[in-house]
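Residue-level listing of the chains:
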Amino acid sequence: QGKGLFATKNIRKGETVFVERPVVSSQFLWNALYNYRACDHCLRALETAEENAQRLLGKSSLVLPHPEQCSIRKDLHQQCPRCQVTYCSAECKQAALEQYHQVLCLGPSRDDPTHPLNKLQEAWRNMHYPPETSSIMLMARMVATVKQAKDKEWWIKAFSQFCSKTANEEEEIVHKLLGDKFKGQLELLRLLFTEALYDEHLSRWFTPEGFRSLFALVGTNGQGIGTSSLSQWVHACDALDLPMLQREELDAFIDQLYKDIEKESGEFLNCEGSGLYVLQSCCNHSCIPNAETSFPENNFLLHLTALEDIEAGEEICISYLDCCQRERSRHSRNKILRENYLFTCSCPKCLAQADDADVTSDEEEEGEGETDDAELEDEMTDV
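Residues numbered from 1 in each chain as written. Predicted model: local features only at pLDDT ≥ 70, side-chain atom pairs only at ≥ 80, totals over all residues. Heavy atoms only, no water.

A. Representation of the side chain of asparagine 334 within the structure. In this fold, asparagine 334 is placed in helix H13 (residues 330-341). Once residues within four sequence positions are removed from consideration, asparagine 334 is found in contact with Thr344, Cys345 and Cys350. (Helix = DSSP H or I, 4+ residues; strand = E, 2+ residues; numbered from the N terminus. Contact = heavy atoms within 4.5 Å.)

As structure tokens, then:
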């Protein structure tokens, strides 16, 4: 789990506990497969709400009412002139350039399969199919950030703040992320990673042990970042002051839209990438959390919001499980937590259910195997 985070003052239900920028973040390599792109720096959706809905619904003729409620400004989008990576604004383009993009810019080699960075990305795609968890490019941005930094030790110290595991636990995490052949896969990734990014200041990260530790650190601490221009449009529409009949019509339209999208695309709609957040990574898990994370600004800014009143000195806990998984039996919840985060939960809910039989429900047993594996692999992006 995390290191533990405690309230320094009384916090009321619905109040924002904190807003946090990631130390580093990256969108998933598989986004391109789904014809989707987010800002390469802040992960803000680059498509309009209407384009977002059309893609998820598979229906290019869909027209959303109240298009003025969409906040996407395509006129502000900018690209790197060398590699054509797209940003939502000049500010994000400059921030990326100053922090890591000088090292990672592919320039005219963007489509060259022999370029070391392209070889690394292709190897990752071949061994880690969707849904992605912590992308190899998150690790690449960590290295690039240190390489570009004037104060390299400050950044190395910043990355060392994140929760680390023992060697045995690291192997379990790597095995979970890469599967049965993880040792061979991990060594291939390490060699390609070294070819593309080696830096003497970070020489330990490129050794077999150091690379495994880095991989496990990202796998354990990586927070999924979900941005959605459609979600922002819906919230803006909810705030409109409309006559009752128009309000009912708009609400019915939105309800039906989400039902249709779920049939077409399922529920995994808007996890664009992952990031490392210092404060959020300190939060321990509870099956009855008193706070939750969200990304209401349609970018990588993480908001932690209180789900109930939290008194000064009380621990702030989030859930590493999604809503459906929290409703499963204690045995099932802990099975997921052990396999993904290597701990057994002792929150009040789990303690109260300590005498329950160690069996899953009929529904879970029916879904055991194929669906269970898919759900478990999602965990590090869903929390």
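B. Summary view of the nonpolar core. In terms of nonpolar packing, the biggest core is built from 89 residues, with Ile136, Met142, Phe159, Leu178, Leu189, Phe193 and Phe215 touching the most fellow members. It is helix H4 (residues 136-148) that provides the largest number of residues to this core, a total of nine residues. Each of domain 1 (5-21 + 277-355) and domain 2 (24-224) contributes no fewer than three residues to this core. Leaving out residues up to four positions away in the same chain, phenylalanine 193 has contacts with Leu120, Ile136, Met139, Ala140, Val143, Tyr198, Phe206, Phe211 and Leu214. Core analysis: the second largest hydrophobic core is formed by 17 residues, Ala53, Leu56, Cys70 and Leu242 among them. (Core = buried A, V, L, I, M, F, W, Y, C linked by side-chain atoms within 4.5 Å. Buried < 20%, exposed > 50% of the residue type's maximum accessible area, 1.4 Å probe, protein only. Domains from an automatic or database assignment.)

C. Molecular detail of the pattern of salt bridges. With the rule as written, the count across this model stands at 14 salt bridges. Among the ionic pairs, arginine 141 bridges to aspartate 40, the shortest N-O distance being 2.6 Å. Within this pair, whereas arginine 141 is found in helix H4, its partner aspartate 40 is found in the loop between strand E2 (24-27) and helix H1 (49-57), the two being separated by 101 residues in sequence. Residue aspartate 40 is classed as buried on the basis of its relative accessible area of 12%. Here glutamate 122 and arginine 125 are joined by a salt bridge, their closest N and O atoms 3.5 Å apart. Here glutamate 122 pairs with arginine 125, and both are found in helix H3 (residues 116-127), just three residues apart, close to one helical turn. Judged by relative accessible area, which is 39%, glutamate 122 ranks as partly exposed. Ionic contacts of the salt-bridge type, sharing partners, join the residues Arg12, Asp309 and Glu311 into one network. (Salt bridge = Lys/Arg side-chain N within 4 Å of Asp/Glu carboxyl O.)

D. Spatial organisation of the packing of H4 against helix H8 (residues 208-221). Interhelical geometry of H4 versus H8 gives an angle of 115° and a closest axis separation of 10 Å. When the axes of H4 and H8 are compared, the pair comes out roughly perpendicular. Two packed elements cross with a definite hand, and for H4 against H8 that hand is right-handed. Of the residues in H8, those in contact with Ile136, Leu138, Met139 and Met142 of H4 are Phe211, Leu214, Phe215, Leu217 and Val218. Per-class residue counts for the contact of H4 with H8 are nine nonpolar, no polar and no charged. (Axes fitted to C-alpha atoms, helices over the stretch in contact; angles between N-to-C directions. Parallel < 35°, antiparallel > 145°, perpendicular 65-115°, else oblique. Left-handed = near helix turned anticlockwise from the far one by under 90°. Nonpolar A, V, L, I, M, F, W, Y, C, P; charged D, E, K, R; others polar.)

E. Main features of the sheet that holds strand E5 (residues 223-225). Strand order in this open sheet of three strands is E2-E6-E5, and the pairing throughout is antiparallel. Each edge of the sheet is formed by a strand with only one pairing partner; in this case those strands are E2 and E5. With direction set aside, neighbouring strand axes in the sheet form an average angle of 25°. Bridge count for E2 against strand E6 (residues 273-276) is four bridges, and the pairing is antiparallel. Paired with serine 25 across the strands is glycine 275, a residue of E6. Contacts from H4 reach E2 and E6 within the one sheet, and its direction differs from that of E2 by about 140°. (Pairing = 2+ DSSP bridges.)

F. Region of the structure containing the sheet that holds strand E1 (residues 16-20). Taken in spatial order, the three strands make up an open sheet running E1-E9-E8, and their pairing is antiparallel. Here the strands that pair on one side only, and so sit at the sheet edges, are E1 and strand E8 (291-294). Looking at each pair of strands side by side, their axes are set apart by 15° on average, direction ignored. Here E8 runs beside strand E9 (residues 302-306); their pairing, made up of four bridges, is antiparallel. Bridge pairing in E9 places alanine 291 opposite alanine 306.

G. Examining the domain arrangement of the protein more closely. Partitioning the protein into domains gives domain 1 (5-21 + 277-355) and domain 2 (24-224). Using only C-alpha atoms to locate each centre, domain 1 and domain 2 end up separated by 25 Å. Facing 16 residues of domain 1, the contacting portion of domain 2 comprises 18 residues. Together domain 1 and domain 2 conceal approximately 1,400 Å² of surface at their shared face, both sides included; 52% is due to carbon and sulfur atoms. Looking at the side of domain 1 facing domain 2, the largest losses of area belong to Asn298, Phe300 and Leu342, adding up to 39% of the total buried there. (Buried area = accessible area lost by both parts, 1.4 Å probe.)

H. A look at the packing of aromatic side chains. In the structure shown here, the tally under the stated rule is 11 aromatic pairs. A centroid spacing of 6.4 Å and a plane angle of 55° characterise the contact between tyrosine 277 and phenylalanine 295, whose relative ring orientation is tilted. A residue pair is termed long-range when its members are at least 10 positions apart, and tyrosine 277 in the loop between E6 and helix H11 (278-282) and phenylalanine 295 in the loop between E8 and E9 qualify at 18 residues. Just as tyrosine 277 is buried, phenylalanine 295 falls in that class too. Taking the centre distance of 5.9 Å and the plane angle of 85° together, the rings of tyrosine 320 and phenylalanine 343 count as edge-to-face. On the criterion of sequence distance, the pair formed by tyrosine 320 in the loop between strand E10 (317-318) and helix H12 (323-326) and phenylalanine 343 in the loop between H13 and helix H14 (348-352) is long-range, its members being 23 residues apart. (Phe/Tyr/Trp six-rings, centres within 6.5 Å; stacked < 30°, edge-to-face > 60°.)

I. Unusual backbone geometry, seen in detail. The phi torsion at asparagine 298 lies on the positive side, around 60°, for a residue other than glycine. Tracing the backbone shows asparagine 298 in the loop between E8 and E9. A relative accessible area of 1% means that asparagine 298 is categorised as buried.

J. Region of the structure containing the environment of glycine 313. In this fold, glycine 313 is placed in the loop between E9 and E10. Glycine 313 gets classed as exposed once you look at its relative accessible area, which sits at 52%. The spacing of glycine 313 and lysine 3 is 310 residues in sequence and 15 Å in space, taken between C-alpha atoms. Excluding its chain neighbours within four sequence positions, the residues that come into contact with glycine 313 are Phe6 and Ala7.

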